[in-house]
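Structure at a glance
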Amino acid sequence: MENPDPFLVINFGNSFLKGSSFISSDKSIKFLDFFKVPYDPHSEVDIQNRVQDLILSLEKKEKTIFYSAFIKTGNEIGLRKVKEMNFLRRFFKKPITASEFGKMIETCQRESFLEAKNIFHKEKFILAKAEIKKIIVDHQLIENPIGVPGRMIFLKIVNLYLPQKFYKIIKRTFSELNIKISFLL
């Protein structure tokens, strides 16, 4: 049996910062604790201070140190953008190449980025996370289209865009606490 690995899930909501701690070992995840604090999502100092308070409170309560955290943002901070596109292949009897699939992803991401740009207006933003959620080749759901022939390719990608200012605060704060972060969609 391996050593239990404690981790955090932190949700940045409209006016509350919610933190849950868990411990994972072998094939199970056990809930440890929950902590909630009010915060101002528009104040750099408040975000940084409240995140640190929340983490230190959970560490003290659980008598542990966290090295990883999963970050979830609400729609008031981040933008989850689902982009779905169909691609009709000219030479459909030939297998899809990595280069061809890469171009499909690029096209999908470019369209998603332009839509996000319209929503963020002049505010600088960053792509914090991207996931391919679905690939369908000729009406068949598949995991990897490379090497598969097909006429119609459907691609669904979900992106998480965050204001650049918020992203930098989060990265800096967790880096100072030596906690590796991953964003949740």
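Residues numbered from 1 in each chain as written. Predicted model: local features only at pLDDT ≥ 70, side-chain atom pairs only at ≥ 80, totals over all residues. Heavy atoms only, no water.

Throughout the structure, instances matching the rule amount to 8 salt bridges. Here Lys-81 makes a salt bridge to Glu-115, at a shortest N to O gap of 2.7 Å. In this pair, Lys-81 is assigned in strand β5 (residues 79-88) and Glu-115 in helix α2 (residues 98-120), connecting sequence segments 34 residues apart. Residue classification places Lys-81 among the buried residues on the basis of a relative accessible area of 16%. (Salt bridge = Lys/Arg side-chain N within 4 Å of Asp/Glu carboxyl O. Helix = DSSP H or I, 4+ residues; strand = E, 2+ residues; numbered from the N terminus. Buried < 20%, exposed > 50% of the residue type's maximum accessible area, 1.4 Å probe, protein only.)

Aromatic ring pairs: the centre-centre distance and the angle between the two ring planes describe each pair. Within this structure, the stated rule accounts for 9 aromatic pairs. Ring geometry for Phe-7 versus Phe-70: centroids 5.6 Å apart, planes at 85°, classification edge-to-face. Within this pair, whereas Phe-7 is found in strand β1 (residues 5-12), its partner Phe-70 is found in strand β4 (residues 68-73), the two being separated by 63 residues in sequence. Using a relative accessible area of 30% as the deciding quantity, one classes Phe-70 as partly exposed. Through a chain of ring-to-ring contacts, the aromatic side chains of Phe-7, Phe-22, Phe-31 and Phe-70 assemble into a single cluster. Above the plane of the ring of Phe-16 lies Lys-36, whose end atom (NZ or CZ) is 4.4 Å from the centre. One cation-aromatic arrangement involves Lys-94 over Phe-91; the distance from NZ or CZ to the ring centre is 5.6 Å. (Phe/Tyr/Trp six-rings, centres within 6.5 Å; stacked < 30°, edge-to-face > 60°. Lys NZ or Arg CZ within 6 Å of the ring centre and 35° of its normal.)

Another aspect to go through is the side chain of Lys-81. Reaching out from Lys-81, the side chain makes a polar contact with the side chain of Glu-115 at a distance of 2.7 Å. Apart from residues lying up to four places away in sequence, Lys-81 is in contact with Ser-112, Glu-115, Ile-157, Val-158, Asn-159 and Tyr-161. (Polar contact = N/O pair within 3.5 Å; in protein donor to acceptor, adjacent residues only side chain to side chain. Contact = heavy atoms within 4.5 Å.)

Spatially, β5-β8-β6-β7 is the arrangement adopted by the 4 strands of the open sheet, whose pairing is antiparallel. On the outer flanks of this sheet lie β5 and β7 (140-142), each paired with one strand and no other. For this sheet, the mean angle separating the axes of adjacent strands, direction not counted, is 30°. One ladder, built from 11 bridges, connects strand β6 (residues 125-137) with strand β8 (residues 152-163); its direction is antiparallel. Residue pairing across strands places Ile-126 opposite Leu-162, the latter belonging to β8. The strands that α2 touches are β5, β6 and β8; relative to β8, the one it contacts most, it runs at about 40°. Across the face of the sheet, helix α3 (residues 164-176) comes into contact with β6 and β8 while running at roughly 75° to β8. (Pairing = 2+ DSSP bridges. Axes fitted to C-alpha atoms, helices over the stretch in contact; angles between N-to-C directions.)

Our focus in this paragraph is the nonpolar core. Residues Ile-10, Phe-12, Phe-174 and Phe-183 are the most contacted members of the largest nonpolar core, which totals 26 residues. Dropping the residues within four chain positions of it, Phe-183 is found in contact with Ile-71, Ala-128, Lys-129, Leu-160, Leu-162, Tyr-167 and Ile-170. Val-137, Ile-153, Leu-155 and Ile-157 belong to the second-largest nonpolar core, a separate cluster that totals 11 residues. (Core = buried A, V, L, I, M, F, W, Y, C linked by side-chain atoms within 4.5 Å.)

All right, on to the environment of Tyr-161 then. With respect to the secondary-structure elements, Tyr-161 resides in strand β8. Note: C-alpha distance between Tyr-161 and Ala-130 (31 residues apart in sequence) is 8.9 Å. Discounting chain neighbours no more than four positions away, the residues touching Tyr-161 are Gly-78, Leu-79, Lys-81, Gln-109, Ser-112, Phe-113, Ala-116, Phe-120, Phe-125, Ile-126 and Leu-127. At a separation of 2.9 Å, a polar atom in the side chain of Tyr-161 contacts the side chain of Ser-112.

Such coordinate-based values are descriptive only and should not be taken to indicate function.
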